[in-house]
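Here is how the chains run, residue by residue.
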Amino acid sequence: MKIALCNEVLQPLPFEAQCRLAAELGYDGLEVAPFTLGPDPMALTDAEARRLREVAADHGLSIDGLHWLLVAPPGLSIVADDAALRERTSTVMERLVELCALMGGRYLVHGSPRQRSVAPGADREQAWEHARACFVRAARRAESCGVTYCVEPLAPRETDFITSIEEAARMVRAVASPAFRTMIDCSAAGSAEAEPVHALVERWMPTGLIAHVQVNDPNRRGPGQGELAFAPVLRSIERMRRAGHYQGILAVEPFDYVPDGPGCAARAIGYLRGVLEGVADGP
C-alpha cells in the first residue's frame, strides 16, 4: 500500500531536501501543505506547480495530494456571514484544486479547523449552507480537474463544525458531486468517535464516501507512538482495498514531532511497513 508523508513534518527543509529525505526514508510520495510553499500559495504559478511535480519525480516520489488548505493566505472562512470573505475563500479553494492537479495530485483534504469554526452566536444552519456553497464550488472545479475534494471530520477539540464522519457524510450527500467525498483521520476518529477506528473503516468504506486515510495517533504523534493499535486498522483497510471499496493511500500526518520531524517520519514509515507486512497475508 502506498504511503505518503505530509511535508510540513520536514520543515524547515526546502522542498527538494524534503523530497530527498522522504525518499531515503522509504516514502512513496508527499502530501503537501500549500502554506509550506510560500506565504501566499495563490502566488504560485502553473509553471512553478509543474516544477514541484518534477522535483518530486526526480526523487522517485509523487505529490499525492494537498492538505491544510486554508492556512494561507490569512483570514479565510467557509462559514462567515461576510459574503465577500466567503467569495475570496472559494476562489482560494478553486485555485488549490487547480494547483493540486498541476502537481500531479489526486485529492485535497479540507481540514483547516479555524477557517470553518462557527462564531459564537452565529446561526449554525446558515453556517452549514455557507460551507455547502463553498464546497459545491470546490467540487465543481475538482470535477473539471479530475481530482477529489475531501472534507475532513475533525475532533471537537479542534473545531465545532463537522466533527464526525456522520456529519461529513451528510455534507458529502448535500454537495452531491462525484468529486466530493470525506476521509478518515485516525487521530480525530480515535479521540472523538464512539466506534474504534477499524470499525469505522469497515462501516464507512463500503459506502463509497471515503477517499483517503491519514494515519496518526490520538495523542497527535505519529503512528506507533501512542496507544492506538494500527494492525486492526490496516487490516481493515487492506480488506476494503481487496473488496474494491478503497483505492486511496495512507498519509502520515503527526502534529507532535517526537523526537523531531525527521525522526518521527522515520519511525512512522518503519512501523507502518512492519505492520503492513504482518497483515498482508491475513484474511
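Note that the coordinates shown come from a computational prediction; the quantities given were computed from them, not determined experimentally.

Draft legend 1. Seen up close, the packing of aromatic side chains. Per the stated rule, a full pass over the model turns up 6 aromatic pairs. Taking 5.1 Å as the distance between ring centres and 40 degrees as the angle between the ring planes, the aromatic pair formed by Phe135 and Phe180 counts as tilted. In this pair, Phe135 sits in helix H4 (residues 124-145) while Phe180 sits in strand E6 (residues 180-185), placing the two residues 45 residues apart along the sequence. Here Phe135 matches Phe180 in class, with each residue buried. Consider the rings of Phe230 and Tyr271, whose centres lie 6.2 Å apart with planes at 85 degrees: the pair is edge-to-face. Highlighted residues: Phe230 in helix H8 (residues 230-242) and Tyr271 in helix H9 (residues 261-279), separated in sequence by 41 residues. When the ring centre of Trp128 is taken as reference, the NZ or CZ atom of Arg170 above it lies at 3.9 Å.

Draft legend 2. Representation of unusual backbone geometry in the model. Cis geometry marks the peptide bond from Ala72 to Pro73, where omega comes out at 0 degrees. By secondary structure assignment, the location of Pro73 is in the loop between strand E3 (62-66) and helix H3 (83-102). Pro259 follows Val258 through a cis peptide bond whose omega is 5 degrees. One can find Pro259 in the loop between strand E8 (250-252) and H9. Even without being a glycine, Arg220 presents a positive backbone phi close to 80 degrees. Tracing the chain through its elements places Arg220 in the loop between strand E7 (210-215) and H8.

Draft legend 3. Local environment of the pattern of salt bridges. This structure, assessed with the given rule, holds 18 salt bridges. Here Arg95 makes a salt bridge to Asp46, at a shortest N to O gap of 2.7 Å. Residue Arg95 is found in helix H3, and its partner Asp46 is found in helix H2 (residues 46-58); the two are separated by 49 residues along the sequence. The class of Arg95 is buried, set by a relative accessible area of 17%. Measuring nitrogen to oxygen at the nearest pair gives 3.1 Å for the salt bridge that ties Arg132 to Glu129. Note that Arg132 and Glu129 are positioned in helix H4 at a spacing of 3 residues, about one turn of the helix.

Draft legend 4. Spotlight on the layout of surface pockets. Empty space within the largest pocket amounts to approximately 170 Å³. In terms of lining, the largest pocket is formed by 13 residues, of which the most central are Arg106, Thr148, Arg181, Ala211 and Gly248. Ranked by residues supplied to the lining of the largest pocket, first place goes to E7 with 3 residues.

Draft legend 5. Empty space enclosed by the protein, seen in detail. For the structure on display, the rule yields 2 cavities of 30 Å³ or more. Roughly 90 Å³ of volume is contained in the largest cavity. Around the largest cavity sit His67, Trp68, Gly111, Ser112, Pro113, Glu152, Leu154, Glu158, Asp185, Gln214, Glu253 and Phe255, which together line it. Of the residues assigned to the lining of the largest cavity, the class counts are 4 nonpolar, 4 polar and 4 charged. By volume, the second largest cavity amounts to about 50 Å³. Along its surface, the second largest cavity is lined by Pro153, Leu154, Thr163, Ser164, Ile165, Ile184, Asp185, Ala188, Ala189, Ala192 and Glu193. Put simply, the parts of the chain that give the lining of the second largest cavity at least two residues each are E6 and helix H6 (186-192).

About the cut-offs
- Starting from 1, residues in each chain are numbered consecutively following that chain's sequence as written.
- The predicted nature of this model means local features are confined to residues of pLDDT at least 70 and side-chain atom pairs, given and counted, to a pLDDT of 80 or more, with totals for whole chains, interfaces and linings taken over all residues.
- In computing side-chain properties, one takes all heavy atoms of the structure into account and sets aside hydrogens as well as water.
- The rule is short: rings of Phe, Tyr and Trp, with Trp giving its six-membered ring, pair when the centres are within 6.5 Å, and they are stacked under 30 degrees, edge-to-face over 60, tilted in between.
- A helix here means a DSSP run of H or I that spans at least four residues, while a strand means a run of E at least two residues long, and both kinds are numbered starting from the N terminus.
- Each residue gets one of three labels from its accessible area relative to the maximum for its type: buried under 20%, exposed over 50%, partly exposed in between, using a 1.4 Å probe on protein chains only.
- Think of it as a cone above the ring: NZ of Lys or CZ of Arg counts as a charge over the ring if it is within 6 Å of the ring centre and within 35 degrees of the ring normal.
- Salt bridges, as used here, are contacts in which a Lys or Arg side-chain nitrogen is within 4 Å of a carboxyl oxygen on Asp or Glu.
- Cavity and pocket criteria rest on a 1 Å grid covering protein atoms alone: a 1.4 Å probe that fits but cannot get out defines a cavity, protein on both sides within 12 Å along at least 5 of 7 lines defines an open pocket, and an atom within 4 Å of a point defines a lining residue.
- Grid points are joined across faces, edges and corners, and a volume is the space filled by probe spheres set on the points.
- For this classification, Asp, Glu, Lys and Arg are treated as charged, while Ala, Val, Leu, Ile, Met, Phe, Trp, Tyr, Cys and Pro are nonpolar and the rest, including Gly, are polar.

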